[in-house]
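Chains, contacts and geometry: an overview
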Amino acid sequence: RHPGWPARLGPLRVPAGEVAIRPVRLRDAGEWSRIRLRDRAHLEMWEPTGVGPWPERNAFWSWPSQWAALRSLARRGQCLPFTITLDGRLAGQITVGNVIRASLRSAWIGYWVSSEVVRGGVATAAVALVTDHAFGLAGLHRLEATVRPENTASLRVLTKAGYRQEGLFERYLDVAGAWRDHYCYAVTREETGSGLVSRLVAAGRADYA
Ligand code: ACO
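Within each chain, residue numbers correspond to sequence positions counted from 1 in written order. Only residues with pLDDT of at least 70 get local features here, since the model is predicted, and only at 80 or more are side-chain atom pairs given and counted; chain-wide, interface and lining totals rely on the full set of residues. Hydrogens and water are ignored here; the side-chain numbers use all heavy atoms of the structure.

A look at the overall build of the chain
- Secondary structure is summarised from DSSP: a helix means a run of H or I of at least four residues, a strand means a run of E of at least two, and numbering begins at the N terminus for each. Secondary structure assignment for the chain yields 7 helices and 9 strands.
- Over its C-alpha atoms the chain spans a radius of gyration of 16 Å, differing by no more than 12% from the 17 Å that the globule rule assigns to 209 residues.
- Once the C-alpha set of the chain is aligned to its principal axes, its extents read approximately 45 × 40 × 35 Å.
- For the chain, with 209 residues in total, the buried portion stands at 46%.
- Working rule for contacts: check all heavy atoms of both residues, and any pair within 4.5 Å makes them a contact. In the chain, of all internal contacts separated by at least 6 residues, the share reaching a separation of at least 24 is 63%.
- Here the accessible surface of atoms and residues is derived via Shrake-Rupley with a 1.4 Å probe, and residues count as covered only by protein chains that are part of the display. A total accessible area of about 10,400 Å² is found for the chain, and carbon and sulfur atoms account for 54% of it. The quantity called the radius of gyration is restricted to C-alpha atoms. Its globule counterpart is 2.2 Å times the number of residues to the power 0.38. Relative accessibility under 20% of the residue-type maximum defines a buried residue, over 50% an exposed one, and the middle range a partly exposed one, all with a 1.4 Å probe and only protein chains included.

Dropping the structure here:
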């Protein structure tokens, strides 16, 4: 079995409610699709360009194949695909992807949160929980997050969680139909001390539920 997978993390209490992390599952289809169809304007400009129109890519029936692909990557140790829940209901996704082991032990992290619950600390708590897990049971050493300079909310999430800016990747990723510059944020295991969650709690931004 792949180290650190599957896993359930949290819960943590934040202003929006109780945040927990669990593996994506097939029966997420309904909530996942409902939120993403409604939230196109909130999500599309920040996400990698997909194949086909948004309503098709985010339809109920498109989840099973996405879920199966994520599950198979997770079983091979290449990905940790999580659902974020708030008070037990699906509130977003957070994924650790492109996991490379050997002497790199690095991966990227990416996330989105339903527009209904933004600005309540959900994404920051999710990033802290998943980062601690990645450096703990999953055995990684470095996580990277790439963010468009215009994405103020996501830059704030990474700063609050304890990531630092390392540089600018020019024309890095095909997002919303064009090659977009991205800031690279990163954190390595030795910077996290007793963990990003415990730091978030000490800063008064979250509490153990
Ligand atoms: N301008 C300035 N600050 C903002 C704005 C804005 N438009 N919107 C939110 N913020 C601030 C909030 O005030 C808060 O900071 P504060 O605690 O200092 O007040 C912070 O940004 C958001 O923190 P959280 O509440 O923890 O985050 P939230 O649960 O709202 O989720 C997220 C943030 C994930 C960026 C959400 O808005 C989202 O899903 N956006 C669309 C998809 C996306 O951009 N995903 C990230 C892509 S980059 C990556 O994955 C590495």
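This is not the end of the story, as more comes after the structure.
Quick notes on the environment of L26
- Position of L26 among the secondary structure elements: in the loop between strand 2 (17-23) and helix 1 (29-38).
- On the basis of relative accessibility, which here comes to 41%, the residue L26 falls in the partly exposed class.
- Along the chain, L26 and Q66 lie 40 residues apart, while their C-alpha atoms are 9.4 Å from each other.

Here we look at the environment of R75
- Considering the arrangement of structural elements, one finds R75 in helix 4 (residues 63-75).
- R75 sits in the exposed class, given a relative accessible area of 60%.
- Sequence-wise, R75 and W5 are 70 residues apart; in three dimensions their C-alpha atoms are separated by 7.8 Å.

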